[in-house]
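Topology and contacts: notes
Spelled out, the chains give:
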Amino acid sequence: MTTLIPATLIPGDGIGPEIIDATLAALDALKAPFAWDRQIAGLECVKQAGDPLPQATLDSIRRTRLALKGPLETPSGGGYRSSNVRLREEFKLYANLRPAQTIIPGGRFDKIDLVVVRENLEGLYIGHEHFVQIDDDPHAVAMATGINTRAGSRRLLEFAFEHAVATGRKKVTIVHKANIMKALTGIFLETGLELYERKYKGQFELDTVIIDACAMKLVLNPWQFDMLVTTNLFGDILSDLVAGLVGGLGMAPGANIGADAAIFEAVHGSAPDIAGKGIANPTALLLAAAMMLDHVQLTEKATQLRQALDATLNIDKVRTGDLGGKANTAEFTQALVSRIANG
Ligand code: NAD
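Model, not experiment: these values are computed from the prediction.

**Considerations on the nonpolar core**
In terms of nonpolar packing, the biggest core is built from 88 residues, with A160, A288, A289 and L305 touching the most fellow members. Looking at which element gives the most residues to this core, the answer is helix α9 (residues 283–295), with ten residues. For this core, the domains that each give at least three residues are domain 1 (1–100 + 252–342) and domain 2 (113–245). Setting aside residues no more than four positions away along its own chain, L305 makes contact with A26, L30, L286, A289, A290 and L293.

See below:
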C-alpha cells in the first residue's frame, strides 16, 4: 500500500482556484500520493474571517510541513501586510528557488536553463518602513530599513551552493550592489566569497556581478549564466526578468524552502484581469507541483509530469492564450491528463 504524504492545499485568490484544479487533475492522473488538507488564505479569507492568513491554515502547514499554494492578493500601498511574506517569516522559508527553463523552443530566447536563488527573509523586503512629517505634510519623507545578517546570508548561500553541487551546475554568480550599498549587500557578497573559498572551491566556478549590469547581461546574453544567487529585492526583480526569458510568468514555478516547511507556488500573482474567465495558463503551478514531487523524492513522477507538459505544449500544440494558443484552462488540462494517462 502506498504511504500518503500529508500536504496543505491553498487555492488562493483570482485565478488561484482555476490553476489549482488543473494541477490537482494532473497530480491525480499521476497517482501522486498526497493527502491534501485544504485551507484558505488571501483576500476571500479577509472577507470571511477578517484575516488573510487564519490560524487553521498556519496550523495545517505546521503539521504537514509541505504546501501547494495558489497566488494570494496583496493590496498595494495601504491595507494588510503580504500573506506571502508572513508565510515566509512564520516558517523561516529563507530560500526561494526559481528555475527558468525553455519549454517551448524557438522563442526570442531559446535553450534557457537558469536558476535564481533568492534570499527570502531579509534585505529591503522586511517592511521596516515609515513616513516622517515635515511641517504640515505627514508623508514628507519616506524611509525604509534593510537588514542583512551574516548568518542569514550564509544560510542562503550554503543552500544555493549545495543545490548547485547536487544539480550539477557549472557556474554560480553572486548578484549584488556592494559598490553603492556597501554594508547591506557587501555582507552578502563577502560571505559568499568566503564560503566558496572555504568549502566549495573547485566544485563549480564562482562569479560576481553588480545587479544593474546583470539585468543588461541577462537580456543580451542569458546563456552566460547558470545559477544566480542574490538578496531579497534583487532576487524578486531578477526572477521575473528570467521568467520573461522563458515565455512569461505563466511558465515560471517557485519553491520557498526553509527550516520548518516547504511551500510550492507559481511565480505569478492572482491575475485579477483574467480571473474567473477560465483562460489562465496553469503551467507555472504544474511546474511547481513537479518541484514538490522532486522535494518529496518522487522524482519519477516529477519527470513524468514535465514530459507530459512538454508533449502537450510542443507535440499536441495545445496552448493557452498567453502563449498564443486557443485552449482554455479546461481544454489544456484535459490534453495534459490524456498525455499523462497514455504515458
Ligand atoms: P500577476 O502576475 O497577477 O499578473 C501580471 C500579468 O500576467 C496579468 O496581465 C495577468 O493576466 C498575467 N498572468 C499572470 N499569471 C498568468 C497565468 N497563469 N496565465 C495567463 N496570464 C497570466 O501580477 P499583478 O497583477 O501585479 O498582481 C496581482 C496580485 O497578485 C497582487 O495583489 C499581487 O500582490 C499578487 N501577487 C501574489 C503573488 C503570490 O502569491 N506569490 C505573486 C505576485 C503577485
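**Observations regarding the confidence of the model for the protein**
Scored by pLDDT, the protein has a mean of 94; 99% of the residues are at 70 or more. Model confidence for the complex: the whole-complex pTM is 0.94, and ipTM, which rates the interface, is 0.98.

**Quick notes on unusual backbone geometry**
A positive phi angle is found at K111, which is not glycine, with a value near 55 degrees. Note that K111 resides in the loop between β4 (95–101) and β5 (113–119). Even without being a glycine, D135 presents a positive backbone phi close to 55 degrees. Structurally, D135 can be placed in the loop between β6 (123–134) and β7 (137–147).

**A word on the domain arrangement of the protein**
What the domain assignment reports for the protein is domain 1 (1–100 + 252–342) and domain 2 (113–245). Put simply, the middle of domain 1 and the middle of domain 2, counted by C-alpha atoms, are 25 Å apart.

Quick notes on the rules
Residues numbered from 1 in each chain as written. Predicted model: local features only at pLDDT ≥ 70, side-chain atom pairs only at ≥ 80, totals over all residues. Core = buried A, V, L, I, M, F, W, Y, C linked by C-beta atoms within 7 Å. Buried ≥ 20, exposed ≤ 12 C-beta atoms within 10 Å, placed from the backbone. Helix = DSSP H or I, 4+ residues; strand = E, 2+ residues; numbered from the N terminus. Domains from an automatic or database assignment. Contact = placed C-beta atoms within 7 Å. pLDDT = per-residue confidence, 0-100.

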